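Each chain, written out:
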Amino acid sequence: MLTCCICLLRYSQVQDCSTTTLRTTNILLGLVCLRLLHALYKALHPEGSHQTCTQTVPQLRKQLYSLWLSSILQACMKHRYRTSALLACWAVLFRQTNAVWVCFIIGMSVLGRTLKPAEGKPISATMLQQCLQALTASWKARWQLLADLWPMLLVPACFAAFVVWNGGIVLGDKAAHTPVQHLMQPLYFVLFTVAALGPFHFSPFRISQAAKQLSASMKERPLPTLLKLGCGAAAAYLLVDNYTLVHPYLLADNRHYTFYIWKNFFGRYVAARFWLIPLYLYSAWSLWDSITRQQSKACALLLALCTAVSLIPAWLIEFRYFTIPFVMMVLHMQPLSPGQHRLILLVYGSVNVASIYVFLHRSFRWPDQSIARFMW
């Protein structure tokens with residue numbers, strides 16, 4: 001499969017860089033990516049191998065870096081760390097923030113080795129205990145971990161050296177892509193992810209599950225529960241109030257759907273930004289709960305940290321930035337029911353058809369008479 005991808009890349013370099021060639025390449029590599037994601041999903045969820053992760057990956061983008069990251073995950077799960085390192089280099093070359101996800105894969109490899117129950121003892125319950133257990137076991141096995149993982153560790157190390165040499169992560173127009181502290185990005189992401197998986201996260205069962213957990217927590221520990229809710233709401237309010245950033249490109253390019261979301265909602269109704277705080281909190285809880293039901297809390301924390309690190313420096317709001325974190329969430333969360341899969345597939349198919357129709361048949365002209373088309 002990897003050989004086919006390399007041949008396809010060589011073909012695309014030899015042929016003219018036409019629109020047809022680029023779109024065909026994207027479609028073919030997208031199909032390969034779906035196959036890799038399906039294999040990964042089966043490996044991570046053997047009890048639900050009849051289901052497929054590919055149904056829950058939105059068709060907004062099928063970037064090539066998704067392909068390389070999927071290959072890295074597969075190779076690491078089979079302890080082929082040299083192959084993983086080679087693919088990791090490719091992934092970082094396609095998009096610099098993939099260095100963060102290479103670190104995530106390294107972290108998952110370490111957790112898979114160190115966060116194991118001792119004989120007759122379960123894995124530690126709290127997140128702090130799990131992290132301490134993993135750190136202690138990692139230190140004891142540090143030389144073995146270094147001997148196995150050194151090819152993978154070289155990738156982020158070389159990338160860090162490049163950032164120092166380059167004076168930053170950005171290649172090209174540094175003024176337009178200056179890293180910022182866009183702390184609202186994780187909130188946008190959790191809301192996007194929960195909405196994209198709406199048949200699961202907003203199902204009647206899921207909402208009743210949230211209500212029961214909250215009710216039980218209020219009965220058992222009312223003060224700590226109220227404190228957590230208050231701190232979460234206050235933190236979200238401060239983020240909305242102080243870190244709602246607007247990139248000039250977001251307001252200048254009326255081809256993208258995000259332009260109209262901002263123009264007609266966030267930009268027009270300032271109070272609406274605060275109305276979404278309960279949804280942000282519910283989305284964050286629902287994602288965390290669905291992941292910790294399937295993975296350790298240390299794994300969930302690592303996933304959350306890598307998502308934040310990859311998104312926060314981005315000034316511009318674009319759905320394509322959410323692609324890799326979204327795929328990682330889907331891979332590691334609890335499996336969806338067959339009915340939820342089918343409903344999500346139906347919704348994504350409908351969105352795709354509508355998007356393609358608008359792209360092809362609802363073009364418009366800019367003042368210079370050039371044709372513009374709506375896109376994600």
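Residues numbered from 1 in each chain as written. Predicted model: local features only at pLDDT ≥ 70, side-chain atom pairs only at ≥ 80, totals over all residues. Heavy atoms only, no water.

Some words on the overall build of the chain
Consideration 1: Within the chain, the regular secondary structure consists of 18 helices and two strands.
Consideration 2: A buried classification covers 43% of the 376 residues belonging to the chain.
Consideration 3: Summarising the internal contacts of the chain: among those between residues at least 6 apart in sequence, 74% fall at separations of at least 24.
Consideration 4: For the chain, the computed accessible surface area is about 20,200 Å², with 68% contributed by carbon and sulfur atoms. (Helix = DSSP H or I, 4+ residues; strand = E, 2+ residues; numbered from the N terminus. Buried < 20%, exposed > 50% of the residue type's maximum accessible area, 1.4 Å probe, protein only. Contact = heavy atoms within 4.5 Å. Areas by Shrake-Rupley, 256 points an atom, 1.4 Å probe, with all protein chains shown as cover.)

Details of helix H11 (residues 222-242)
Think of an α-helix as turning once every 3.6 residues; residues three or four places apart then point the same way.
Consideration 1: For H11, which comprises 21 residues, the first-to-last C-alpha distance of 30 Å matches the rise-based estimate of 30 Å (1.5 Å per residue) to within 8%.
Consideration 2: Elements that come into contact with the buried residues of H11 comprise helix H10 (204-220), helix H14 (270-275) and helix H15 (277-292). (Expected span 1.5 Å × (residues − 1).)

Topic: the layout of surface pockets
Consideration 1: Taken as a whole, the largest pocket spans an internal volume of roughly 1,400 Å³.
Consideration 2: Considering the residues around the largest pocket, the lining is formed by 39 residues, among which Leu281, Ala284, Trp285, Trp288 and Asp289 are closest to the centre.
Consideration 3: Elements that contribute at least two residues to the lining of the largest pocket include exactly helix H8 (185-196), H10, H11, H15 and helix H16 (297-311).
Consideration 4: Here the lining of the largest pocket gets eleven residues from one element, more than from any other, and that element is H15. (1 Å grid on protein atoms, 1.4 Å probe; cavity = no way out; pocket = protein on both sides within 12 Å on 5 of 7 lines; lining within 4 Å. Points joined across faces, edges and corners; volume = space filled by probe spheres on them.)

A closer look at helix H5 (residues 98-114)
Consideration 1: Taking 1.5 Å of rise per residue, the 17 residues of H5 would be expected to cover 24 Å, and the 24 Å separating its terminal C-alpha atoms lies within 8% of that figure.
Consideration 2: Counting buried positions along H5 gives 14 out of 17 residues, so the element sits mostly inside the fold.

Some remarks on the side chain of glutamine 130
Consideration 1: For glutamine 130, the position within the fold is in helix H6 (residues 127-140).
Consideration 2: For glutamine 130, a relative accessible area of 5% corresponds to the buried category.
Consideration 3: At 2.8 Å, the side chain of glutamine 130 and the backbone nitrogen of lysine 297 are in polar contact. (Polar contact = N/O pair within 3.5 Å; in protein donor to acceptor, adjacent residues only side chain to side chain.)

Quick word on the nonpolar core
Consideration 1: Formed by 64 residues in total, the largest nonpolar core has its most connected members in Phe104, Tyr280, Phe322 and Phe326.
Consideration 2: Counting residues per element, this core draws most heavily on H5, at ten residues.
Consideration 3: With sequence-adjacent residues up to four places away left out, phenylalanine 104 is seen in contact with Leu302, Leu303, Cys306, Met328 and His332.
Consideration 4: Cys33, Leu37, Leu40 and Leu331 belong to the second largest nonpolar core, which has six residues in total. (Core = buried A, V, L, I, M, F, W, Y, C linked by side-chain atoms within 4.5 Å.)

Some details on the packing of aromatic side chains
Consideration 1: Inspection of every chain in the model, using the stated rule, returns 17 aromatic pairs.
Consideration 2: Ring centres 5.8 Å apart and planes at 40 degrees place the aromatic pair tyrosine 282 and tryptophan 285 in the tilted group. Here tyrosine 282 pairs with tryptophan 285, and both are found in helix H15, just three residues apart, close to one helical turn.
Consideration 3: Of the residues examined, tyrosine 282 reaches a relative accessible area of 17% and is grouped as buried.
Consideration 4: We classify tryptophan 285 as partly exposed; its relative accessible area is 24%.
Consideration 5: One aromatic cluster is present, formed by Phe189, Phe192, Phe319, Phe322 and Phe326 through successive ring pairs. (Phe/Tyr/Trp six-rings, centres within 6.5 Å; stacked < 30°, edge-to-face > 60°.)

So, the packing of H10 against H15
Consideration 1: Across the interface, H10 lies against H15 with an axial gap of 12 Å and an inter-helix angle of 95 degrees. Taken together, the axis directions place H10 and H15 in an arrangement best described as roughly perpendicular. Of the residues in H15, those in contact with Arg206, Ile207, Gln209, Ala210 and Gln213 of H10 are Tyr282, Trp285, Ser286, Asp289 and Ser290.
Consideration 2: Residue composition of the contact of H10 with H15, grouped by class: four nonpolar, four polar and two charged. (Axes fitted to C-alpha atoms, helices over the stretch in contact; angles between N-to-C directions. Parallel < 35°, antiparallel > 145°, perpendicular 65-115°, else oblique. Nonpolar A, V, L, I, M, F, W, Y, C, P; charged D, E, K, R; others polar.)

Looking at the state of the cysteines
Consideration 1: Using the criterion set out here, one finds zero disulfides in the structure.
Consideration 2: Sulfur of cysteine 299: no disulfide; nearest cysteine sulfur belongs to cysteine 306 and is 9.9 Å away.
Consideration 3: Overall, the relative accessible area of 2% leaves cysteine 299 in the buried class. (Disulfide = S-S within 2.5 Å.)

Some thoughts on the confidence of the model for the chain
Consideration 1: Looking at the chain as a whole, its pLDDT mean stands at 81, while 81% of the residues score no less than 70.
Consideration 2: With pLDDT under 50 throughout, residues 54-68 is counted as low confidence; its partners more than four residues away or in other chains account for 58 contacts. (pLDDT = per-residue confidence, 0-100.)

Some remarks on the pattern of salt bridges
Consideration 1: According to the stated counting rule, one finds four salt bridges in the structure shown.
Consideration 2: The shortest N-O distance in the salt bridge between arginine 113 and aspartate 148 comes to 2.7 Å. With arginine 113 in helix H5 and aspartate 148 in helix H7 (residues 142-166), the pair connects residues that are 35 residues apart, well separated along the chain.
Consideration 3: In this structure, the salt-bridge partner of arginine 206 is aspartate 289, at a minimum N-O distance of 2.9 Å. Residue arginine 206 is located in helix H10, and its partner aspartate 289 is located in helix H15; the two are separated by 83 residues in the primary sequence.
Consideration 4: Taken together, the shared-partner salt bridges connect Arg206, Asp289 and Arg293 into one network. (Salt bridge = Lys/Arg side-chain N within 4 Å of Asp/Glu carboxyl O.)

Examining a nonpolar patch on the surface
Consideration 1: The grouping of Leu86, Trp90, Leu93 and Phe94 at the surface amounts to a nonpolar patch, some 440 Å² of accessible area in total.
Consideration 2: The residue leucine 86 is located in helix H4 (residues 81-94) in this model. (Patch = residues over 30% accessible without salt bridge, like charges linked within 9 Å, V, L, I, M, F, W, Y side chains within 5 Å.)

Section: the packing of H16 against helix H17 (residues 323-332)
Consideration 1: Remark: H16 packs on H17, axes separated minimally by 10 Å, with the N-to-C direction vectors making an angle of 170 degrees. Taken together, the axes of H16 and H17 lie roughly antiparallel to each other. Residues Cys299, Leu303, Thr307 and Ser310 of H16 pack against Pro325, Met328, Met329 and His332 of H17.
Consideration 2: Looking at side-chain class alone, the contact of H16 with H17 contains five nonpolar, three polar and no charged residues.

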